[in-house]
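Read off the chains here:
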Amino acid sequence: MSGFKVIQPGLLTLIQDAGRFGHHRIGLTTGGPLDSLAFKWANRLVDNPMNSTTLEISFGGLVMQAETDAQIVLAGAEMPLKINGIEQDRWHAHKIKAGDKIEVSFSTQGARAYLAVSGGFQVEHSFSSSATVTREGIGGFTGEKLQQGDYLHCNPPVDHRGFRLPDEHRPDYFDDISLRVITGYQQQAFSDYQKRLFFSSEYKVTDRADRMGYRLEGPEVKPAIDGILSEGICHGAIQIPADGQPIVLLNDRQTIGGYPKIGSMIAMDTARMAQLLPGSRISFEEISIDDAHNLHCLAHVRFNNTEPEAID
Amino acid sequence: MISMADKSIRIEVAGENALIIYFGEKTDPSVSARVQQAVTILETELNGKLIDMVPSYASLLVIYDQLATDHLEVRSTIRKVLNQLSDAVNAEGNLVILPAYYSSESGPDLDALAQRAGLSADEVIKLHSEMEYRVYAIGFAPGFAYLGEVDERIAAPRLSTPRMKVPRGAIAIADRQTAVYPAISPGGWNLIGLCPTRMFDPEAKPTMPVQVGDRIKFNPISRDEFFSLGGELGEIK
């Protein structure tokens, strides 16, 4: 097998497939891509099965040397992609040759990008997934982020197809966005006034924003209760600890916890939030579970019916 | 039989693809047994539509695939299942014996805990190892099992300053909960001993010796037995 040699790992580059499911009962969290839409596009543009292993590059700074012929694509945040020093289009599959140098520079807009290779990176599964969760030391290479000198195996099929996503379908990663939240869990412990405050205020992404959760800063929201008997936490759950500052829990969240929760952000919007850098401003918008369900199903249909352009 | 007319059971929305069932408001073996029964039945009833479930003390989080089902159908399935649950605590889990090397060497908080409780260290050990515990929840870290409840006399609040490093196998108490740390981690629980049994081993099958609903008893062992069972003292700071 051949693959890619990591020359510079970047600030935080993680091996990720779609995530680890069905293991919450032994305390394992989901992991997987923070921006699942960009992840799915990366795999689709190099004609991979949807659960193929990619690299999630946070902020940028990755340099690799190819030791194989393959097709690669970079989707997600605006991290300039260079192949042998020449800037190339993102959301666009590129044929590369053994010996080529691939550089992903620091992002100018957005925080996460996904690099996929035709056939997917070949990484041993741990609990049915290659997703890296550093907090648990599970997945990827011994549960760690990518290191200098790591070797990413791959086995690119011959005659693999490549695609580009037309500009009008490429997401943008602007700041100052409204994110949709379904009220739930302990929402009854929040008075109407507290809920109005939450849904009408602006919050700032703090620098304590990582794959486990995004801590926000803004007007304090206070539930009528301090804590609860520890219970399961779903993706996107918004926990309000004693200081009244919301934490949106993401892919690497702990599976159970005892802080009151006002509800949960929908996954389409946690993906947008995870593209924001500290200092970004957001607000919340209430949405019903019916609307959230419809949006999810429509997004699935939209993804499947958006035809990327074949290259060659 | 219990029924949904039982006001203590509620189904709430948790997220866009998750409902949470509340079976009660406090730690209680019969509530915990119902949670376990519901896990088993829902696994079959929602086969092919489930993404994951998180059982805890008195609740069950049910995460489903929105492309295969929706909250209306899942809620209706849950209602049906709740009506089938029996009230009797017949869902007795396995009894798992965990060896425990209690000492001030392996459990640096043992003496302070005894002193606060007005007991001798031996009395603390006796109270901790005589009780049969139930696994109420697994979380915090892979393999971390919340066991309850310890005798009131040896309940102890968390340390005011959590430790940076608690060794793997540390047997600990926080309030009326007890646990064995599955891996080296930071931690604020009171350490009273060490268990040589691995609570989480990704290479082993099963990966954990216990699951939610199981019954646990600690069996006091000597220092020599601890080492012969493969125990390691580990670093505490």
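Placed above this text is the structure.
In this text the structure is predicted, and so the values were computed from the model without any measurement. (Residues numbered from 1 in each chain as written. Chains lettered and ligands numbered in written order. Predicted model: local features only at pLDDT ≥ 70, side-chain atom pairs only at ≥ 80, totals over all residues. Heavy atoms only, no water.)

> What exactly am I supposed to notice about the pairing of strand β7 (residues 145-148) of chain B here?
Sheet faces and side chains relate simply in a regular strand, where the side chains alternate between the two faces. All names here are of chain B. Burial along β7 is two-sided: the face carrying A145 and L147 and the face carrying Y146 and G148 are both buried. Strand direction decides the pairing type here: strand β6 (residues 133-138) and β7, joined by four bridges, are antiparallel. Each residue of the ladder has a partner; that of R134, found in β7, is G148. Hairpin connection between β6 and β7: a loop of six residues separates the two successive antiparallel strands, and F140 in this loop has a positive phi of roughly 70 degrees. Relative to strand β10 (residues 177-180), β7 runs antiparallel, the two sharing two bridges. When the bridges of β10 are listed, G148 appears paired with Q177. (Buried < 20%, exposed > 50% of the residue type's maximum accessible area, 1.4 Å probe, protein only. Helix = DSSP H or I, 4+ residues; strand = E, 2+ residues; numbered from the N terminus. Pairing = 2+ DSSP bridges.)

> Can you help me understand helix α2 (residues 192-200) of chain A in this one?
The α-helix advances 3.6 residues per turn, and as a result positions three or four apart in sequence lie on the same side. Buried residues of α2(A): Q194(A), K195(A), L197(A), F198(A) and F199(A), and no others. The inward-facing, buried residues of α2(A) contact β13 (177-183), β14 (202-209), β17 (237-239), β20 (261-265) and β21 (281-286) of chain A. (Contact = heavy atoms within 4.5 Å.)

> Just checking my understanding: could you explain the sheet that holds strand β5 (residues 95-102) of chain B for this structure?
Hydrogen bonds between backbone groups are what pair the strands of a sheet, and the pairing can be parallel or antiparallel. Residues and elements named next belong to chain B. What the seven strands build is a closed barrel, ordered β5-β12-β9-β10-β7-β6-β13; its pairing is mixed. Adjacent strand axes in the sheet meet at a mean angle of 40 degrees when their direction is disregarded. Against the sheet, helix α4 (residues 121-130) touches β5, β6, β9 (170-174), β10, β12 (190-194) and β13 (215-220), its axis set at about 145 degrees to β13. (Axes fitted to C-alpha atoms, helices over the stretch in contact; angles between N-to-C directions.)

> Would you mind going over the interface of chain B and chain A with me for this structure?
Buried accessible area, meaning the area lost when the parts come together, often serves as the stated size of an interface. Listed as interface residues are 43 residues of chain B and, on the opposing side, 39 residues of chain A. Roughly 3,200 Å² is buried in total at the junction of chain B and chain A, and carbon and sulfur atoms are behind 62% of that figure. At the junction of chain B and chain A, the tally comes to one salt bridge. Of the charged contacts, one joins R25(A) and E43(B) as a salt bridge, the two residues approaching to 2.9 Å between their closest N and O atoms. Between the two partners, chain B and chain A, sit 13 residue pairs in polar contact (both at pLDDT 80 or more). For the side of chain B that touches chain A, the elements supplying multiple residues, two or more each, are β1 (10-15), β2 (18-22), α1 (29-45), β3 (50-55), β4 (59-64) and β6 of chain B. Looking at the side of chain B that touches chain A residue by residue, the class counts come to 25 nonpolar, 10 polar and eight charged. (Buried area = accessible area lost by both parts, 1.4 Å probe. Salt bridge = Lys/Arg side-chain N within 4 Å of Asp/Glu carboxyl O. Polar contact = N/O pair within 3.5 Å; in protein donor to acceptor, adjacent residues only side chain to side chain. Nonpolar A, V, L, I, M, F, W, Y, C, P; charged D, E, K, R; others polar.)

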